[in-house]
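Now for the letters of each chain:
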Amino acid sequence: MKMANSADSHVLEPQGLWLENLPASMRDRALYTVKDDTHETVFAGGKAMWKSGLTYLDRVRPPGAHDPEARLLDLDDQGVWGEVLFPSVALWTYYIDDLELQVECGKLYNDWLLDTFMRRSPRWVGVAFLPTVEIASAVAELQRAVSLGYRAVMLPSTAPPNRPYSSAEWDPLWAAAQEAGTPVCFHVGTGQGEIIIARGAGGAVINYVETFYPTQRTLCHLVASGALDRHPDLHVVFVEGGASWLPSLMERMDEGYQQHAMFVRPKLSMLPSEFIARQAHATFQHDRAALQTLEITGTQAILWGSDYPHLEGTWPNTQETLEGIFKGTTPEVRAAVTYQNLADLFGLPDAEQAARPA
Ligand code: MN
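Residues numbered from 1 in each chain as written. Predicted model: local features only at pLDDT ≥ 70, side-chain atom pairs only at ≥ 80, totals over all residues. Heavy atoms only, no water.

This part is about empty space enclosed by the protein. Taken as a whole, this structure holds one cavity of 30 Å³ or more when the rule is applied. The wall of the largest cavity is formed by Ser 6, Ser 9, Asp 74, Leu 75, Gln 78, Val 80, Glu 83, Ser 306, Tyr 308, Trp 315 and Thr 318. For the lining of the largest cavity, the secondary structure elements donating two or more residues are strand S1 (4-10), helix H3 (68-78) and strand S5 (80-86). Grouping the constituent residues of the lining of the largest cavity by class yields four nonpolar, five polar and two charged. (1 Å grid on protein atoms, 1.4 Å probe; cavity = no way out; pocket = protein on both sides within 12 Å on 5 of 7 lines; lining within 4 Å. Points joined across faces, edges and corners; volume = space filled by probe spheres on them. Helix = DSSP H or I, 4+ residues; strand = E, 2+ residues; numbered from the N terminus. Nonpolar A, V, L, I, M, F, W, Y, C, P; charged D, E, K, R; others polar.)

Structure, rendered in C-alpha cells:
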C-alpha cells in the first residue's frame, strides 16, 4: 500500500514570530504566549485569550511540530508522505478585530510557513491564513499567497460576527478562490465563539463534539444561500470534524428544500445534496462511518488526515489506525481517500508521482 497523505496536520509557530516581526506600533497587541510553572496563556490583540496546561501541551508538541527535519523523520516513521498544513497559535488571529493588525499577523504566518516548510519540501502544502475583518483584504491576501505558491486558503468554521457565510458580501472572495483554483478550508474550532460550553459532567466529550457543529452550519449556509450555485468551480473543505455528517446534512437539506418549497428562496439549479457532492469535502481521522456512506456522498467527498501532532489524531499509531479504518474497503477507496483526493484538491503529489523524474 502506498504511503498515505494527510489532509489535516499542524505546525507550531516560533515564539517570537509576531512579537519580533510586527511593526513596532502593533507589538503590544501581537500574538504571543506566556508560560508560568503550570500553564501557557495565549495573548492576542492585547487580551489573554486562552490558557492550556503544560502537561497537555508537552504531549502535542513533539520537535516535529516546529522543526522540519524532525518532522520528516516522524512522517517516515508513520508511513505518511505528504501533509496539508494548518497553524496552531495563528488560529487566534480570528479573534483580532483590528483590520490592520489581523492582516499583518496573517501575512507573517503565511510568509513563515512558506519559508520554513513549503520551500523545504514538496511533501508540504500550506493553507494560507486569510483575514476576515474585511473581504477586500481577504481577497488581496489570497492573491498574494497564490502568487507566492499557495494552493489552498482557510477561513474560520464559525463565521465572523455580523457576516454569516450565507451573505453575498463574501462573493468576491468565493470568486477569487474559484478563479485561483484554491479550495477554501474551514478547520473545526476556529472563529470567535465559546470554546467551553460545558464544565460539568461529560464536559470533555461535550466540548469536543461541539467543535464540529459549526462546520455543518457553514456548509448549510453556503449551499442554501446559493453561494456554491453562483460559484460552481469553488471547492470547500471541512477539516477535522469527521465526514459521516455529510450524508445526514444532504438528506436534511433536500427535505427542507423540497417539502418547504413554498418558502424557499433563492431557488437553486440543483438539489442541495448535489452541490454538496459536487463541491464539498470533509476530512476525518477515525470516522469509519464515513466509508459506509460513499454511495451517497461519492468517494471524492472524503479525505483522511492524521491531525499530527494532536491528541485527537492518529500519531503515533497511524498505520494501525489506517489498517483498522480501511479493513473491508477496496484498494480504490483507500487510494482515493488517502492520496488521490488530496492530489486533486490541493495539488499534493503522492509518493510515486513525486519520485518520478519531471
Ligand atoms: Mn487539525
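Still more ground to cover, so stick around.
Before going further, it helps to spend a moment on the sheet that holds strand S6 (residues 124-126). Taken together, three strands build an open sheet; the order of strands is S1-S5-S6 and the sheet is parallel. Edge positions in the open sheet fall to S1 and S6, since each of these has one partner strand only. Direction aside, the axes of adjacent strands within the sheet are offset by 20° on average. Alignment of S5 against S6, held across three bridges, turns out to be parallel. (Pairing = 2+ DSSP bridges. Axes fitted to C-alpha atoms, helices over the stretch in contact; angles between N-to-C directions.)

Looking at the manganese ion, one finds its protein donor set to be Asp 8 (OD), His 10 (NE2), His 187 (NE2), Glu 240 (OE) and Asp 307 (OD), positioned 2.0 to 2.3 Å from the metal centre. Linear spacing of the donor residues for the manganese ion on their chain is D-x1-H-x176-H-x52-E-x66-D. Here Asp 307 lies in the loop between strand S12 (302-304) and helix H13 (318-326) and His 187 lies in strand S9 (residues 184-187), a separation of 120 residues in the sequence. Of the two residues examined, His 187 and Asp 307, each falls in the buried class. (Donors = N, O, S within 2.8 Å, 3.2 Å for Na, K, Ca; no water. Buried < 20%, exposed > 50% of the residue type's maximum accessible area, 1.4 Å probe, protein only.)

This next bit is on the pattern of salt bridges. Within the structure shown, the criterion is met by 14 salt bridges. For Arg 29, the salt bridge is made with Asp 98, and the minimal N-O distance between the two is 3.5 Å. Within this pair, whereas Arg 29 is found in the loop between helix H1 (17-21) and strand S2 (32-35), its partner Asp 98 is found in the loop between S5 and helix H4 (99-118), the two being separated by 69 residues in sequence. In this structure, the salt-bridge partner of Arg 144 is Glu 141, at a minimum N-O distance of 2.8 Å. With Arg 144 and Glu 141 both in helix H5 (residues 135-148) and three residues apart, this pair spans about one turn of that helix. Judged by relative accessible area, Glu 141 falls into the buried class, the value being 3%. (Salt bridge = Lys/Arg side-chain N within 4 Å of Asp/Glu carboxyl O.)

With that out of the way, let us pick up the packing of aromatic side chains. Each aromatic ring pair is described using two quantities: the centre-to-centre distance and the angle formed by the ring planes. With the rule as written, the count across this model stands at 15 aromatic pairs. Taking 5.3 Å as the distance between ring centres and 35° as the angle between the ring planes, the aromatic pair formed by Trp 92 and Tyr 95 counts as tilted. Measuring from ring centre to ring centre gives 5.3 Å for Phe 212 and Tyr 213, while their planes differ by 40°; the resulting arrangement is tilted. Exposure remark for Tyr 213: the relative accessible area of 38% places this residue in the partly exposed category. Ring-pair connections join several aromatic residues into one group, and the members of that group are Tyr 165, Trp 170, Trp 174, Phe 186, Phe 238 and Trp 245. If you follow Arg 163 out to its NZ or CZ, it ends over the ring of Trp 170, 5.5 Å from the centre. (Phe/Tyr/Trp six-rings, centres within 6.5 Å; stacked < 30°, edge-to-face > 60°. Lys NZ or Arg CZ within 6 Å of the ring centre and 35° of its normal.)

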